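Each chain is listed here by its residues.
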Amino acid sequence: MAHRLSKQLAGKSAIVTGAGRGVGRGIALVLAERGAEVFVTDLDAETANSTAFEIRSSGGRAVAAASDVTDPASIAQAASRAISEFGKLDVCVANAGVIDAGGLREKYYYTDEDWDVTYRVNVKGLANTADAVRQHMQERRQGRIVNIASHGGRTPRGPSLGVGETILPYWVSKAAAIQWTHLLAQQMARFNVTVNAVCPGTLWTPMWEKIAANQRALSPDLADKSPREIFDASVEARQPIARPQTPEDIGRAAAFLASDDAAEITGQALNVNGGAIMN
Ligand SMILES: NC(=O)c1ccc[n+]([C@@H]2O[C@H](COP(=O)([O-])OP(=O)(O)OC[C@H]3O[C@@H](n4cnc5c(N)ncnc54)[C@H](O)[C@@H]3O)[C@@H](O)[C@H]2O)c1
């Protein structure tokens, strides 16, 4: 059984966006470990290269290139290159995401730009990424699209995670990501292409570092805590399973949804959040 699981994605080829660091890097590593060839792409070429290098160093196959999911031509070019490198693409993980337009560490309110940037990357970025692969998957009558949303796109859970209202556009964008997943799943079902979302909970990545810094900057009672202590306290307070998720936890969920075992699952949004939100 262990052998079968380790080869869960043997013979598959995948593209992962925003895979230079954080959750995307973890997803790329798990897909590769399970046998997939991985096209690693990120806005930042250097980090994309380093994830691909890591995969190749442990015996996997990976190619890297920069792309911007907000630019349809850029992500389409990355997908075409992946198809020509690997001969096909079976799996597309649309992970790239942003929490704000900048300045979250100190901000209390969202800005107009926060709405635009989160919508452009977290919603239109998913559509641009799917558009870059869907024709290919439709023609092959085969494919798996996995969108990385957030449990923040589901039921509001009371007081804001940041101290003010800065993160509201992010949460709205993640709700839109889930609805996009449902609608695209309906469109693609007849072509044997499944579309699902993974909704991560709380992970210590540069994204959460900014949230913790925001809490610290704006809450005098947290002034003597480090950002990591603030993060750990948040996990402890909000999650029944009181430990943070890792990028690899999200990668394992994505690998399952990309595998043959998930052939009958489409249009779903899977929480990987230690039970923090149960819907
Ligand atoms: N960290 C968490 O607790 C958490 C929780 C829920 C959901 N998520 C989601 O997981 C995904 C990854 O988050 P993370 O924590 O790894 O964030 P991160 O900020 O650490 O990494 C995001 C990556 O996406 C890339 N990126 C940003 N804009 C891009 C663009 N326009 N085109 C291509 N790449 C771009 C960045 O260069 C970076 O490498 C996001 O969609 C995020 O919303 C994270």
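Residues numbered from 1 in each chain as written. Predicted model: local features only at pLDDT ≥ 70, side-chain atom pairs only at ≥ 80, totals over all residues. Heavy atoms only, no water.

Q: So, the nonpolar core: which residues are in play, and what are the values?
A: Ile27, Leu31, Val38 and Val40 are the most contacted members of the largest nonpolar core, which totals 32 residues. It is helix 2 (residues 22-33) that contributes the most residues to this core, 7 residues altogether. Apart from residues no more than four positions distant in its own chain, valine 40 is found in contact with Val16, Ala19, Ala28, Ala48, Thr51, Ala52, Ile55, Ala62, Val63, Ala64 and Ala65. Ile75, Cys92, Leu184 and Ala185 belong to the second largest nonpolar core, which has 26 residues in total. (Core = buried A, V, L, I, M, F, W, Y, C linked by side-chain atoms within 4.5 Å. Buried < 20%, exposed > 50% of the residue type's maximum accessible area, 1.4 Å probe, protein only. Helix = DSSP H or I, 4+ residues; strand = E, 2+ residues; numbered from the N terminus. Contact = heavy atoms within 4.5 Å.)

Q: I'd like a description of the environment of valine 172, backed by residues and values.
A: Inspection of the secondary structure assignment puts valine 172 in helix 6 (residues 168-188). Taking the relative accessible area as the measure of exposure, valine 172 reaches 45% and is therefore partly exposed. Remark: the alpha-carbon pair of valine 172 and aspartate 232, spanning 60 residues in sequence, is separated by 25 Å.

Q: Before we move on, could you go through unusual backbone geometry and cite the residues and values that matter?
A: Even without being glycine, arginine 141 reaches a positive phi, approximately 55°. Tracing the backbone through its elements, the reader meets arginine 141 in the loop between helix 5 (112-140) and strand 5 (143-148). Overall, the relative accessible area of 46% leaves arginine 141 in the partly exposed class. A positive phi angle, close to 60°, is found at asparagine 192, a residue other than glycine. Looking at the element boundaries, asparagine 192 is found in the loop between helix 6 and strand 6 (193-200).

Q: Which residues make up the sheet that holds strand 7 (residues 269-272), and what are the values?
A: In a beta sheet, neighbouring strands are held together by backbone hydrogen bonds and run either parallel or antiparallel to one another. Ordered in space as 3-2-1-4-5-6-7, the 7 strands form an open sheet in which the pairing is parallel. The sheet terminates laterally at strand 3 (62-66) and strand 7, the two strands that pair on one side only. Neighbour-to-neighbour, the strand axes of this sheet turn through a mean angle of 20°, independent of strand direction. As paired strands, strand 6 and strand 7 are joined by 4 bridges and run parallel to one another. Bridge pairing in strand 7 links valine 198 to leucine 270. Here helix 3 (residues 45-57) sits on the sheet and contacts strand 2 (37-42) and strand 3; the angle it forms with strand 3, its principal contact strand, is near 180°. (Pairing = 2+ DSSP bridges. Axes fitted to C-alpha atoms, helices over the stretch in contact; angles between N-to-C directions.)

Q: How would you explain the packing of aromatic side chains if you had to name every residue and give the values?
A: According to the stated counting rule, one finds 4 aromatic pairs in the structure shown. When the ring of tyrosine 108 is compared with that of tyrosine 109, the centres are 4.9 Å apart and the planes differ by 70°; the resulting orientation is edge-to-face. By relative accessible area, which is 40% here, tyrosine 108 ends up partly exposed. Classification of tyrosine 109 as exposed rests on a relative accessible area of 53%. Summarising the aromatic geometry, the rings of tryptophan 204 and phenylalanine 231 are spaced 5.0 Å apart at their centres and angled 55° between planes, so their arrangement reads as tilted. One end of the pair, tryptophan 204, is in the loop between strand 6 and helix 7 (206-218); the other, phenylalanine 231, is in helix 8 (residues 227-238), with 27 residues separating them in the sequence. Note on tryptophan 204: relative accessible area 28%, which makes it partly exposed. Feature note: the residues Trp204, Trp208 and Phe231 constitute an aromatic cluster, connected by ring pairs. (Phe/Tyr/Trp six-rings, centres within 6.5 Å; stacked < 30°, edge-to-face > 60°.)

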